[in-house]
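Here's the letter readout for the chains.
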Amino acid sequence: MTAEYVGLGGWSPESLAVPGEVRPVVVAPDPVLSRPGPEVDPTSDEVVRLAADLVATMRVSPGCVGLAAPQVGVSAQVFAVDITGHPKAVTVHGTFVLCNAMVVEATRWKAGREGCMSVPDLTGDVKRASRLVVEGVLPGTGAPVRLVTDGFEARALQHEIDHCAGLLFLDRVASAHAIYQRKVYL
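Note that the structure is predicted; figures quoted are calculated from it, not measured. (Residues numbered from 1 in each chain as written. Predicted model: local features only at pLDDT ≥ 70, side-chain atom pairs only at ≥ 80, totals over all residues. Heavy atoms only, no water.)

(A) Region of the structure containing helix H1 (residues 45–59). With 15 residues, H1 extends 21 Å between its outermost C-alpha atoms, agreeing within 8% with the 21 Å of an ideal straight helix rising 1.5 Å per residue. Where H1 is concerned, the buried positions are Val47, Val48, Leu50, Ala51, Ala52, Asp53, Leu54, Val55, Ala56, Thr57 and Met58. Contacts from the buried residues of H1 go to strand E1 (66–68), strand E2 (78–81) and strand E3 (96–116). (Helix = DSSP H or I, 4+ residues; strand = E, 2+ residues; numbered from the N terminus. Expected span 1.5 Å × (residues − 1). Buried < 20%, exposed > 50% of the residue type's maximum accessible area, 1.4 Å probe, protein only. Contact = heavy atoms within 4.5 Å.)

Shown next, in the form of structure tokens:
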């Protein structure tokens, strides 16, 4: 992939042209969460529907900034991210879905607290790159993209790419001392 493919090129969830349905979120220890997902054909009807469903499910889930296919029971390399309006957001690309994404550059490693809809009772401190370059493919169009991001969006992308590889944030914590009971705010 070359530098000419930078950003989302005007892609939005509406580009999928199918309504998304809200799917139930699976929780650990469901085996789909620990199984690496296969690459997908981003132009297939099945993947386009999955992408729309991920966005729909993410949008109705309070506090959710990302959702990967394994979290809705599908072993596949597809995920949605949207950190718009999050207080920790610096760089924001809006709502997007990537297929077959991979990290091509990761720098400025920092520890930070993470939670996950598939691990609803715990949070943990995870060291992640705070500057990131990711390459992937957009669902529907099949267009390759290269996203350069940082801060919280970089953390969210790495978290979702891990899901597609069969990893939870719990697999990334340094020790059991870095895992905490989730606080519930009313």
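(B) The packing of aromatic side chains, seen in detail. One pass over the structure, following the stated rule, counts zero aromatic pairs. Across from the ring centre of tyrosine 180, 3.8 Å away, lies the NZ or CZ of arginine 113, which sits over that ring. (Phe/Tyr/Trp six-rings, centres within 6.5 Å; stacked < 30°, edge-to-face > 60°. Lys NZ or Arg CZ within 6 Å of the ring centre and 35° of its normal.)

(C) Broad picture of the environment of glycine 7. Mapped onto the elements of the fold, glycine 7 is located in the segment before H1. A sequence separation of 137 residues divides glycine 7 from proline 144, and the C-alpha atoms of the two residues are 9.5 Å apart. If we skip the residues at most four places from it in the chain, glycine 7 touches Val145, Arg146 and Leu147.

(D) Representation of the pairing of E2 within the structure. Residues Val78 and Ala80 point to one face of E2 and Phe79 and Val81 to the other, with burial holding for every one of them. Where E1 and E2 come together, three bridges link them in antiparallel fashion. For alanine 68, the partnering residue across the bridge sits in E2 and is phenylalanine 79. Pairing of E2 with E3, which is carried by four bridges, proceeds in the antiparallel orientation. Paired with valine 78 across the strands is cysteine 99, a residue of E3. (Pairing = 2+ DSSP bridges.)

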